[in-house]
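# Inside the fold
For reference, the chains in residue letters:
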Amino acid sequence: MTTTVPFPTTGPARRLLRALAIVSCVPYLTFKVAWVAGSRVGIPDGSVLLDNPGLMAAVNMVTVLMDAAVVVLALLFTQRWGLRVRAWLLAFPMWVATGLLSPIMVAYPAQMAAGRSAPAEPFLDAWVFPVVYGGFIVQGLALGTLFVLYARDRWSRVWRGRVRDLSPALFRPADRVVAVAASLLLMVPAAVHAVWLSGSARGLSAGRIAERSSDFLILEGARLLFVAAAVAGVLMLVFRLGRSLPVKAPLALAWIGSSGVGCWGGWLLFAALMPQTDPAEEATAAMTLTYAGEMITGVLLGRCVAVLLRRRAA
């Protein structure tokens, strides 16, 4: 997916959005670099973050690279040399960024409105959360807007028209099988999240049970919201449902939903597999399988989105 048609990658609005995206990374990067260097700013005494310094330093370096990728993407979307980058090298990291940032953008404001609860055990100073999560929300808004503008100028033909205009041959029988199978399999982790949302502690670790609060319930509700968006968006595209809708509506649902399910599930799985010094914090088999199921099915549904984008562009 390349283009020879020039388009305005720069301009006052885009430069402002680029600056916002880059500046909003500063709080998170500052904390992480400081912690790698040995600082304890924002970390209270007794925090679980102090239990395994070597492991935490390695994790912090990984997350520094992840957030630095936001800076790279913001530059790619606003520089002429960004036009020469292959489509998948932009789309995949943007899909991952969407999946990691959008759940925070949905859940954190809701948690703030409901009144965030103090954790049962020391983790971070209370003032750290609005600084870091506020930065994440600005990152999501600024980077997401830049991506939409860039994609509109470079690939708008991919989502032109209405669902009924999609070619029946766009998705092959194997693609439809993947879409249906992934949607059905996703109902298993969705059912687990629904059980946890209902107030049941079945399958949760002792540490998670002790930390259940309105924050936990909001996160569980957000998980179900992304599941619904992923399944609805992908099935509408693959089977041309909601034929009068513009293609960009189910495409947006499929993109945001599949990335939120797959990438956030992967992040939770990564956290669940981390060694714990407190046995109460060890993830249960149910938690691990739930997160793994979300990651796998989210990636499969994301593959369906990639199929549509690639074939329509061709």
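Here the structure is a predicted model, which means the values were calculated and not measured. (Residues numbered from 1 in each chain as written. Predicted model: local features only at pLDDT ≥ 70, side-chain atom pairs only at ≥ 80, totals over all residues. Heavy atoms only, no water.)

Scanning the model with the defined rule gives 12 aromatic pairs in all. Centre to centre, the rings of Phe 129 and Tyr 133 are 5.9 Å apart; their planes meet at 70 degrees, and the pair counts as edge-to-face. Of this pair, Phe 129 and Tyr 133 are both found in helix H5 (residues 128-155), 4 residues apart, which corresponds to roughly one turn of the helix. The class for Tyr 133 is partly exposed, based on a relative accessible area of 24%. (Phe/Tyr/Trp six-rings, centres within 6.5 Å; stacked < 30°, edge-to-face > 60°. Helix = DSSP H or I, 4+ residues; strand = E, 2+ residues; numbered from the N terminus. Buried < 20%, exposed > 50% of the residue type's maximum accessible area, 1.4 Å probe, protein only.)

Scanning all chains against the criterion turns up 7 salt bridges. Between Asp 153 and Arg 14 there is a salt bridge whose closest N-O contact spans 2.6 Å. Here Arg 14 lies in helix H1 (residues 12-23) and Asp 153 lies in helix H5, a separation of 139 residues in the sequence. Owing to a relative accessible area of 25%, Asp 153 belongs among the partly exposed residues under this scheme. Relative accessible area serves as the criterion here: at 9%, Arg 14 is assigned to the buried category. (Salt bridge = Lys/Arg side-chain N within 4 Å of Asp/Glu carboxyl O.)

All right, on to the environment of Gly 207 then. Within the secondary structure, Gly 207 is located in helix H7 (residues 206-210). With 76 residues separating them along the chain, Gly 207 and Ala 283 place their C-alpha atoms 8.8 Å apart. When neighbours within four sequence positions are excluded, Gly 207 is seen to be in contact with Ala 280 and Glu 281. (Contact = heavy atoms within 4.5 Å.)

This part covers a nonpolar patch on the surface. On the surface, a cluster of nonpolar side chains totalling about 350 Å² of accessible area is made up of Val 180, Leu 184, Phe 239 and Leu 241. Note on placement: Leu 184 falls in helix H6 (residues 173-197). Owing to a relative accessible area of 58%, Leu 184 belongs among the exposed residues under this scheme. (Patch = residues over 30% accessible without salt bridge, like charges linked within 9 Å, V, L, I, M, F, W, Y side chains within 5 Å. Areas by Shrake-Rupley, 256 points an atom, 1.4 Å probe, with all protein chains shown as cover.)

All right, on to the packing of helix H2 (residues 26-36) against helix H3 (residues 53-76) then. Relative orientation of the contacting elements H2 and H3 amounts to 155 degrees, with a least axis distance of 9 Å. The angle between the axes of H2 and H3 places the two elements in the roughly antiparallel class. Seen along the crossing, H2 lies across H3 with a hand that is left-handed. The segment H2 lies against H3, with Tyr 28, Leu 29, Lys 32, Val 33, Trp 35 and Val 36 engaging Ala 57, Asn 60, Met 61, Thr 63, Val 64, Asp 67 and Ala 68. (Axes fitted to C-alpha atoms, helices over the stretch in contact; angles between N-to-C directions. Parallel < 35°, antiparallel > 145°, perpendicular 65-115°, else oblique. Left-handed = near helix turned anticlockwise from the far one by under 90°.)

All right, on to the side chain of Asp 215 then. Residue placement: Asp 215 occurs in helix H8 (residues 214-238). Overall, the relative accessible area of 8% leaves Asp 215 in the buried class. Not counting residues within four places of it along the chain, the set of residues in contact with Asp 215 comprises Gln 111, Gly 115, Arg 116 and Ser 117.

What follows covers the layout of surface pockets. By volume, the second largest pocket amounts to about 1,100 Å³. Lining the second largest pocket we find 38 residues, and of these Ala 91, Met 94, Phe 147, Trp 255 and Leu 309 sit closest to its centre. Of all the secondary-structure elements, those providing two or more residues to the lining of the second largest pocket are helix H4 (87-114), H5, helix H9 (248-273) and helix H10 (285-313). Per-element accounting of the lining of the second largest pocket gives the leading share, 11 residues, to H4. In terms of residue class, the lining of the second largest pocket is made up of 26 nonpolar, 7 polar and 5 charged. (1 Å grid on protein atoms, 1.4 Å probe; cavity = no way out; pocket = protein on both sides within 12 Å on 5 of 7 lines; lining within 4 Å. Points joined across faces, edges and corners; volume = space filled by probe spheres on them. Nonpolar A, V, L, I, M, F, W, Y, C, P; charged D, E, K, R; others polar.)

Their axes nearest at 10 Å, the elements H8 and H10 cross at an angle of 35 degrees. Crossing geometry of H8 relative to H10 is assigned as left-handed. Between H8 and H10, the residues in contact are Arg 223, Ala 230, Val 234, Leu 237 and Val 238 and Glu 294, Leu 301, Cys 304, Val 305 and Leu 308, respectively.

For the rest of this paragraph, the subject is the environment of Arg 84. With respect to the helices and strands, Arg 84 occurs in the loop between H3 and H4. By relative accessible area, which is 67% here, Arg 84 ends up exposed.

This brings us to the confidence of the model for the chain. Residues of the chain with pLDDT of at least 70 account for 96%, and the chain-wide mean is 92. Low pLDDT, under 50, characterises residues 1-6; the predicted model gives this stretch 9 contacts beyond four residues in sequence or across chains. (pLDDT = per-residue confidence, 0-100.)

Further remarks concern the nonpolar core. Grouped together as the largest cluster of nonpolar side chains are 73 residues, with contacts concentrated most on Phe 77, Leu 90, Leu 143, Val 234, Leu 237 and Leu 308. Sort the elements by how many residues they give to this core and H5 lands first, with 13 residues. Excluding its chain neighbours within four sequence positions, the residues that come into contact with Leu 90 are Leu 73, Leu 76, Phe 77, Gly 82, Val 85, Tyr 150, Arg 154 and Trp 155. Ranked by size, the runner-up nonpolar core spans 8 residues in total, among them Leu 204, Phe 216, Ala 272 and Met 287. (Core = buried A, V, L, I, M, F, W, Y, C linked by side-chain atoms within 4.5 Å.)

On the surface, a cluster of positive charge is contributed by Arg 162, Arg 164, Arg 243 and Lys 248. Inspection of the secondary structure puts Lys 248 in helix H9. (Lys, Arg positive; Asp, Glu negative; His and termini not counted. Charge placed at Lys NZ, Arg CZ, Asp CG, Glu CD.)

Summarising the element assignment, Val 261 is placed in helix H9. Using a relative accessible area of 0% as the deciding quantity, one classes Val 261 as buried. Distance from Val 261 to Gly 302, taken between C-alpha atoms, is 9.5 Å for residues 41 residues apart in sequence. Excluding anything up to four places from it in sequence, Val 261 contacts Leu 186, Arg 223, Phe 226, Val 227, Ala 230, Glu 294, Met 295, Thr 297 and Gly 298.

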